[in-house]
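Structural characterization, general
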Amino acid sequence: MSKPEAEWLAHLAGGRFMIQRSRSTGGHVFYPRVAEPGTGAEDLEWVEASGEGVVHAVTVVRKKDPADSYNVVLVDLAEGPRLMSRVDGLPADRVAIGLKVRARIIEEGDKPLLVFIPA
Amino acid sequence: MTMTHGFPRGRAAIVGAATFGIGKCPGISAVDMAAKAALLALADAGISLSEVDALYTSAPYEALGGMELAEYLGLTPKVTDCNRTGGSAFEVYVQQAALALDAGLINCALIAYGSNPASNPPPGVGMTRQSPWEAPYRPLAPLSSYALAASRHMHLYGTTREQLAEVAVAARQWAQLNPEAAVRDPLTIEEVLGARMVSDPLTVRDCCLFNDGAAAIVMVRADRARDCAKAPIPVLGAAHAVTHREISSMPDLTVTGAAISGPQAFAQAGLAPADIDVVMLYDAFTITPILFLEDLGFCPKGEGGRFVSGGHIAPGGGLAVNTNGGGLSCVHPGMYGLFLLVEAVRQLRGEAGERQIADARLALAHGNGGVLSSEATVLLGRNETL
C-alpha cells in the first residue's frame, strides 16, 4: 500500500522533488494520491520532476510591515500539474504571471519546503 | 409540468421565508438563532411546526450539527441533511428538498441556518482542515484563493481593480435601500481602491462581512402551497456542480462550476438569462459576482468587469444584482447561501420595500462554497410563470 504524502515528504527530505506518473496513461499527478484523478489509474510511480514551471497566478499577502509581506503563487509545472508555492529571490511585487521559475528545496521551520526561484 | 432535465419544474414551492438577527445578535447561540428564523419562516407560511417532516441545516461549528436543530425544535425528520459544500449548501438543499417532496418521501421541508461569529467568535480551530499542499505557503483562507483567481482574470481579460470596486459600491448602494442591511454608510470607488490591501488585488472592502445572521425557508408541494398564507414561489430549476476543493486544483481559475450548474438550471426551467428580473449572486469577494455573471450567461466570458462598470448592477442600473446589499454589505455569517434565497422570495412577492424591482417575476439565486469549489443555481418564479 502506497503512502502518498509520507513518501513525497521523504523524497523531499532527501532533496528530491518527485511527482507521480501513471504507467498506463503517462499522466503526471500532483498532489500525490493513490490513483490518477479522472482515470482512477492506480499504477502510479514516482518520477523526478524537471523543476521547471511558469507562474500561473499570484497574490501578495500584505503585512503591517511591508518587509513581512510575501507572495503566494500557483505554478504550472512543465509536466502538467499545477501547485501552490512561493517565489523566492524576487521582491513580492515583482512576481508576475508568466514568470519562468525553477524549483528549489529549502529549510523552513526545521522542515524541507518546495519553493521556486526565477529561472 | 413534466420532468425536464431531471428536475420536477414547479412541483415544489417556497412558501415561507425569514431572516433573524442580521448584523449583531449577541447573548444567544447559533442554534437559538436558527430556531428563531425557522419559526418566523413557518409563521410566514402559515404552517405549524408539527407539519415539518424534513430538516436541512448547516450548523456553523459542529461536525454533527445535522441533529442539533431537530432536537432543539422537537422534530423527528424523515430526511435530515447537513451537506458540506459551504455557502452553496442551501441552494443544494432546495434541489434535494424539491426532489424528495416530488417523490412523496416528505411533505414539508424546513431549511434553516444561524450563526453569530461577530458576537460569539468561533473557536480557534474551525471545521476546515488546512491542506498540507497549501498551508506551508500561508495563503489567507479563503481570501488568497479568490485573490489568485482574480489575478488570473485581470491578466487574461484586463479586468481592473476599479471594476472590482464597482461590485462593492453597487452592493453598498443596494444596502442603503435595505433597512435590514448591516453596513449602510456611503462607499465610493476611490474608498475601495484606497482601503487596506489584504491579498492583492483584494482590499478589505473587496471582502464580504463577517457578521451575525440567521435565515430559514419552508418548502411544500404545489398543491399544499395553494393553501399557505402567501403566494407560493415555485422552484423552476436547481442544479449543482463541484469542481475542486482547493484553489490549486481548480480546473480553470476563470471558469467556475456555475458554467455547468447555470445552463442546467436554465434548461430545467425553460428560461434564459435575459428572462431574469432579480439576480442574487454569492458575493464572498468582489471577483465572485463578475465570474458568475459570465458563467451563468449574463455576459460573455471575460466581459464581467466591463459589465459591472458604470453602476450597471447598482440601483437604477441595467441588471438588478444582490438587491439586499449582498454578503459585502448586508450579511455574511460564514455561510451566506440561504440569504440569497430569502431575498429572491421577497422580491418575487413584492415585499422588498424601497429596493423592490417592479413586477419581479423570475429570480436566480446562485450559491458558492469553498474557494469557487461548489456552485449551485436555483431559479424561482411566480405561479403565473409556470
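Residues numbered from 1 in each chain as written. Chains lettered and ligands numbered in written order. Predicted model: local features only at pLDDT ≥ 70, side-chain atom pairs only at ≥ 80, totals over all residues. Heavy atoms only, no water.

**A few points about the overall build of chain B**
For clarity, the cut-off: Numbering goes from the N terminus for both helices and strands, where a helix is a DSSP run of H or I of at least four residues and a strand is a run of E of at least two. It is over C-alpha atoms that the radius of gyration is taken, and the globule rule equals 2.2 Å times the number of residues to the power 0.38. Residue exposure (1.4 Å probe, protein chains only): buried if accessible area is under 20% of the type maximum, exposed if over 50%, otherwise partly exposed. Contact between two residues is taken to exist if any of their heavy atoms lie within 4.5 Å; hydrogens are not considered. Method for areas: the Shrake-Rupley scheme with a 1.4 Å probe, in which residue coverage is limited to the protein chains shown. For this count, His and the chain ends are skipped, Lys and Arg are scored as positive, and Asp and Glu as negative. Here the site of a charge means atom NZ of a Lys, CZ of an Arg, CG of an Asp or CD of a Glu.
Counting its secondary structure elements, chain B contains 12 helices and 14 strands. The C-alpha atoms of chain B give 19 Å as radius of gyration, which agrees with the globular expectation for 386 residues (21 Å, within 12%). With the C-alpha coordinates of chain B rotated into their principal frame, the extents come out at 50 × 45 × 40 Å. Here chain B holds 386 residues, and 61% of them are scored as buried. Sequence-distant contacts in chain B: of pairs separated by 6 or more residues, those separated by 24 or more amount to 78%. Of the roughly 13,100 Å² of accessible surface on chain B, a fraction of 54% belongs to carbon and sulfur atoms. Computed over 26 positive and 36 negative side-chain charges, the inter-centroid distance for chain B is 1 Å.

**As for the overall build of chain A**
Tallying secondary structure elements over chain A gives 1 helix and 8 strands in all. Overall, chain A shows an N-to-C arrangement of helices and strands of α-β-β-β-β-β-β-β-β. A total of 119 residues make up chain A; the buried ones form 45% of that total. Put simply, 45% of the contacts in chain A that link residues at least 6 apart link residues at least 24 apart.

**Details of the sheet that holds strand S3 (residues 44-48) of chain A**
Residues and elements named next belong to chain A. Just so we agree on the cut-off: DSSP bridges decide pairing: two strands pair if at least two such bridges lie between them. Here an axis means a line fitted to C-alpha atoms, over the contact stretch when the element is a helix, while the angle between two N-to-C directions is reported on a 0 to 180 degree scale.
Strand order in this open sheet of 3 strands is S2-S1-S3, and the pairing throughout is antiparallel. Across the chains shown, the open sheet's two edge strands, defined by having one partner strand only, are strand S2 (28-29) and S3. In this sheet, S3 lies alongside strand S1 (residues 18-22) in antiparallel orientation, the contact comprising 5 bridges. Each residue of the ladder has a partner; that of Met18, found in S3, is Glu48. The sheet contacts of helix H1 (residues 4-13) involve S1 and S3, and relative to S3 the element is tilted by about 20°.

**As for the interface of chain B and chain A**
Interface size is often expressed as the accessible area that is lost when the parts come together. What counts here: Buried area: the sum, over both parts, of the accessible surface (1.4 Å probe) that disappears when the two are put together. Here, a salt bridge means any side-chain nitrogen of Lys or Arg that lies within 4 Å of a carboxyl oxygen of Asp or Glu. Definition of a polar contact: a pair of N or O atoms within 3.5 Å, with one able to donate and the other able to accept a hydrogen when the atoms are protein atoms, and with sequence-neighbouring residues admitted only if both atoms are side-chain atoms.
With 24 residues of chain B in contact, the opposing surface of chain A contributes 26 residues. Of the roughly 2,200 Å² buried between chain B and chain A, counting both surfaces, carbon and sulfur atoms make up 61%. Per-residue buried area on chain B facing chain A is highest for Trp133(B), Tyr137(B) and Leu148(B); these three make up 38% of the total on that side. Where chain B touches chain A, the interface holds 1 salt bridge. A salt bridge links Arg62(A) to Asp200(B); its shortest N-O distance comes to 2.6 Å. Where chain B touches chain A, the interface holds 10 residue pairs in polar contact (both at pLDDT 80 or more). Of all the elements in the fold, those that place two or more residues in the side of chain B that touches chain A are helix H4 (143-157) and strand S7 (197-199) of chain B.

**Details of the packing of aromatic side chains**
As a reminder, the rule being used: Stacked, tilted and edge-to-face are the three classes assigned to paired rings of Phe, Tyr and Trp, where Trp is represented by its six-membered ring and a pair needs centres within 6.5 Å; plane angles under 30 degrees give stacked, over 60 edge-to-face, the rest tilted.
Applying the stated criterion to the full structure yields 12 aromatic pairs over all chains. Centroid distance Tyr31(A) to Trp133(B): 5.9 Å. Interplanar angle 15°. Geometry classified as stacked. With Tyr31(A) in the loop between S2 and S3 and Trp133(B) in the loop between strand S6 (108-115) and H4, the pair connects residues from two separate chains. Exposure remark for Tyr31(A): the relative accessible area of 32% places this residue in the partly exposed category. Trp133(B) gets classed as buried once you look at its relative accessible area, which sits at 13%. With centroids separated by 6.0 Å and ring planes inclined at 10°, the aromatic side chains of Tyr336(B) and Phe339(B) adopt a geometry described as stacked. Of the two residues examined, Tyr336(B) and Phe339(B), each falls in the buried class.

**Here we look at unusual backbone geometry**
Each neighbour pair has its own omega, and for Phe30(A) with Tyr31(A) the value is 5°, a cis peptide bond. In this model, Asp200(B) is joined to Pro201(B) through a cis peptide bond whose omega is 5°. Residue position: Pro201(B) is located in the loop between S7 and strand S8 (202-203). Notably, Leu372(B) is not glycine yet its phi reads approximately 60°, a positive angle. Position of Leu372(B) among the secondary structure elements: in the loop between strand S13 (363-369) and strand S14 (374-380).

**A short note on the nonpolar core**
Side chains of nonpolar character tend, in soluble globular proteins, to be buried together. For clarity, the cut-off: Joining through side-chain atoms within 4.5 Å is the link that ties buried Ala, Val, Leu, Ile, Met, Phe, Trp, Tyr and Cys residues into a set, and such a set is a nonpolar core.
By size, the foremost hydrophobic cluster in this structure holds 129 residues, and its most contacted members are Tyr56(B), Met219(B), Leu293(B) and Leu380(B). When neighbours within four sequence positions are excluded, Tyr56(B) is seen to be in contact with Val79(B), Asp81(B), Tyr93(B), Gln96(B), Ala97(B), Ala100(B), Ile106(B), Ala109(B), Leu110(B), Ile111(B) and Ala112(B).

**Regarding the pairing of strand S5 (residues 70-77) of chain A**
It is a general feature of regular strands that their side chains alternate between the two faces of the sheet. All names here are of chain A. Where burial is concerned, most of S5 is hidden: 7 out of the 8 residues are buried. Judged from the 8 bridges that link them, strand S4 (residues 52-61) and S5 form a sheet pairing that is antiparallel. When the sheet's bridge partners are listed, Val60 is paired in S5 with Asn71. The pairing of S5 with strand S6 (residues 82-85) spans 4 bridges and is antiparallel. Each residue of the ladder has a partner; that of Val73, found in S6, is Ser85. Connecting the antiparallel pair S5 and S6 is a turn made up of 4 residues, with Gly80 showing a positive phi of about 125°.

**Brief notes about the side chain of Asn116(B)**
Residues and elements named next belong to chain B. For Asn116, the position within the fold is in the loop between S6 and H4. Note on Asn116: relative accessible area 3%, which makes it buried. Dropping the residues within four chain positions of it, Asn116 is found in contact with Cys25, Ile28, Ser29, Ala30, Met33, Pro121 and Asp212.

**As for the environment of Ala13(A)**
Within the secondary structure layout, Ala13(A) lies in helix H1. In the structure, Ala13(A) is positioned 98 residues away from Lys111(A) in sequence and 7.9 Å away in space, judged by C-alpha atoms.

**Some remarks on helix H12 (residues 337-349) of chain B**
The α-helix advances 3.6 residues per turn, and as a result positions three or four apart in sequence lie on the same side. Residue and element names in this part refer to chain B. Condition: Multiplying 1.5 Å by the residue count of a helix minus one yields the expected span of that helix.
Taking 1.5 Å per residue, 13 residues should reach 18 Å; H12 reaches 19 Å between its end C-alpha atoms and fits that length. Counting buried positions along H12 gives 13 out of 13 residues, so the element sits mostly inside the fold. Positive backbone phi, at 75°, marks Gly350, one or two positions downstream of H12.

**Brief notes about the confidence of the model for chain B**
Counted only if it meets this: pLDDT expresses, on a scale from 0 to 100, how confident the predictor is about each individual residue.
Of the residues in chain B, 98% have a pLDDT of 70 or more, and the chain-wide mean is 96. Complex prediction metrics read pTM 0.97 and ipTM 0.97.

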